[in-house]
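Each chain is listed here by its residues.
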Amino acid sequence: METFVFLFPQFNFLAPKEEAYFKMLGPKDLKAPRMKDSNSRLKDKRCQLSLLLTKSGSHENISPEKKTTTNNNNISPEAALSWSSTFEELLRHSDGVETFSQFLRTEFSEENIEFWLACEEYKTIDSDSRLITKAKQMYAVFIEADAPKEVNIDYATKVAIQKTITTPTNTCFDAAQSKVFSLMKKDCYPRFLTSEIYLRLTKRKGPGTTMFRRRSRSCVFNEPRGEATGDSSAWL
């Protein structure tokens, strides 16, 4: 049995854009391209998934602290309140670091704390071979252009690190770590202190959480200036 099919050029990517044509196709002809197209799409999806997993797993050994989960129920309000004294105080507590990391993930900027933690670990390495390996890993993950966890530092600092990466020292990432620390302290930390994650731990209410309901007739505009007068009895 043969099937008469009218092919439009917009559905046939192999045909010229201006050409539409007729073709006689049998059942086998119709089935084969569909199977081929299905297999091709499945292969493409597998390739994309493989690439995604490879990219996301390329830095899994850089910051093991990220994998540690903290039970927020075990953090007392008093302990959480102590983190608000200074950013340095927050970083002294493992629970504080993990909670701050959770907050940064909500802002898609967790690479900052991950890099800072990696630098702290890097400075404790006393083996030259391990130092070289770790330095190259950190450069590939956090520093070079289009790195999977590229941190926001200036070009001059990147170049300085690049020049020392073949013979690294324990201090070659200090300048970059200091810039990332300053960014977190001035920008991320103040927002953390007013975030729902932190306020929930301290049992506090965030700004604007106290709401008043008002009846529509409680506000009357005076003519002609449009000034509003409120009826206090109408507030709930």
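As a reminder, the structure under discussion sits directly above these lines.
Residues numbered from 1 in each chain as written. Predicted model: local features only at pLDDT ≥ 70, side-chain atom pairs only at ≥ 80, totals over all residues. Heavy atoms only, no water.

**Q** Give me the overall build of the protein chain: which residues, what numbers.
**A** Helix and strand counts for the protein chain stand at 9 helices and 4 strands. Secondary structure elements of the protein chain occur, N-terminal to C-terminal, as β-β-α-α-α-α-α-α-α-α-α-β-β. Expressed as a percentage of its 236 residues, the buried residues of the protein chain come to 31%. Looking at the protein chain alone, contacts between residues at least 24 apart form 57% of all its contacts between residues at least 6 apart. When the accessible surface of the protein chain is summed, it comes to about 16,400 Å², and 55% of that surface belongs to carbon and sulfur atoms. (Helix = DSSP H or I, 4+ residues; strand = E, 2+ residues; numbered from the N terminus. Buried < 20%, exposed > 50% of the residue type's maximum accessible area, 1.4 Å probe, protein only. Contact = heavy atoms within 4.5 Å. Areas by Shrake-Rupley, 256 points an atom, 1.4 Å probe, with all protein chains shown as cover.)

**Q** Tell me about the pattern of salt bridges, and name the residues and values.
**A** A full pass over the atoms with the stated rule returns 11 salt bridges. Glu-120 is paired through a salt bridge with Lys-123; the nearest N and O atoms lie 3.1 Å apart. Among the charged side chains, a network of salt bridges with common partners joins Glu-107, Asp-187 and Arg-191. (Salt bridge = Lys/Arg side-chain N within 4 Å of Asp/Glu carboxyl O.)

**Q** Which residues make up the packing of aromatic side chains, and what values do they have?
**A** Under the criterion given, the structure shown has 11 aromatic pairs. Between Phe-115 and Phe-173, the aromatic rings sit 6.4 Å apart at their centres with planes inclined by 75°, giving edge-to-face as the arrangement. Here Phe-115, found in helix 5 (residues 111–122), pairs with Phe-173, found in the loop between helix 7 (155–164) and helix 8 (174–193); they are 58 residues apart in sequence, far enough to count as distant. In this structure Phe-115 comes out as buried when scored by relative accessible area, which is 0%. The structure contains a cluster of three or more aromatic residues connected by ring pairs, namely Trp-83, Phe-87, Phe-100, Phe-103, Phe-181, Tyr-189, Phe-192 and Tyr-198. (Phe/Tyr/Trp six-rings, centres within 6.5 Å; stacked < 30°, edge-to-face > 60°.)

**Q** Lay out helix 8 with the relevant residues and their values.
**A** Over its 20 residues, helix 8 runs 26 Å from end to end, which matches the ideal 28 Å to within 8%, given 1.5 Å per residue. Bending of helix 8 peaks at approximately 40° at the position of Lys-185. Every buried residue of helix 8 is accounted for by Ala-176, Gln-177, Val-180, Phe-181, Met-184, Cys-188, Tyr-189 and Phe-192. (Expected span 1.5 Å × (residues − 1). Bend = angle between axes of the 7 residues up to and from the residue.)

**Q** Outline helix 5, supporting the account with residue identities and numerical values.
**A** Look at helix 5: 16 Å from first C-alpha to last across 12 residues, which is about the 16 Å you get at 1.5 Å a residue. Burial analysis of helix 5 places 10 of its 12 residues in the buried class, which makes it a mostly covered element. Of the residues making up helix 5, those classed as buried are Glu-111, Asn-112, Ile-113, Glu-114, Phe-115, Trp-116, Leu-117, Ala-118, Cys-119 and Tyr-122. Residues of helix 5 that are buried in the fold lie against helix 3 (87–91), helix 4 (94–106), helix 6 (128–143) and helix 8.

**Q** Any chance you could break down the side chain of Lys-149 for me, citing the residues and the numbers?
**A** For Lys-149, the location among the structural elements is in the loop between helix 6 and helix 7. Residue classification places Lys-149 among the buried positions, given a relative accessible area of 10%. Side chain to side chain, Lys-149 and Glu-110 meet in a polar contact 3.0 Å long. (Polar contact = N/O pair within 3.5 Å; in protein donor to acceptor, adjacent residues only side chain to side chain.)

**Q** With reference to specific residues and values, describe the packing of helix 4 against helix 8.
**A** Where helix 4 meets helix 8, the closest approach of the two axes is 10 Å, and the angle between their N-to-C directions is 90°. Considered as vectors, helix 4 and helix 8 are oriented roughly perpendicular to each other. Residue-level inspection shows Thr-99, Phe-100, Phe-103 and Leu-104 of helix 4 in contact with helix 8, the latter providing Met-184, Cys-188, Tyr-189, Arg-191 and Phe-192. Its residues assigned to classes, the contact of helix 4 with helix 8 comprises 7 nonpolar, 1 polar and 1 charged. (Axes fitted to C-alpha atoms, helices over the stretch in contact; angles between N-to-C directions. Parallel < 35°, antiparallel > 145°, perpendicular 65-115°, else oblique. Nonpolar A, V, L, I, M, F, W, Y, C, P; charged D, E, K, R; others polar.)

**Q** Please provide a residue-by-residue account of the nonpolar core, values included.
**A** Ranked by size, the top nonpolar core spans 42 residues in total, and within it Phe-100, Ile-113, Phe-115, Ile-143 and Phe-173 carry the most contacts. For this core, the elements supplying multiple residues, two or more each, are helix 3, helix 4, helix 5, helix 6, helix 8 and helix 9 (196–202). Residues contacting Phe-100, with those up to four places away along its chain left out, are Phe-87, Leu-90, Ile-113, Met-184, Cys-188, Tyr-189 and Phe-192. (Core = buried A, V, L, I, M, F, W, Y, C linked by side-chain atoms within 4.5 Å.)

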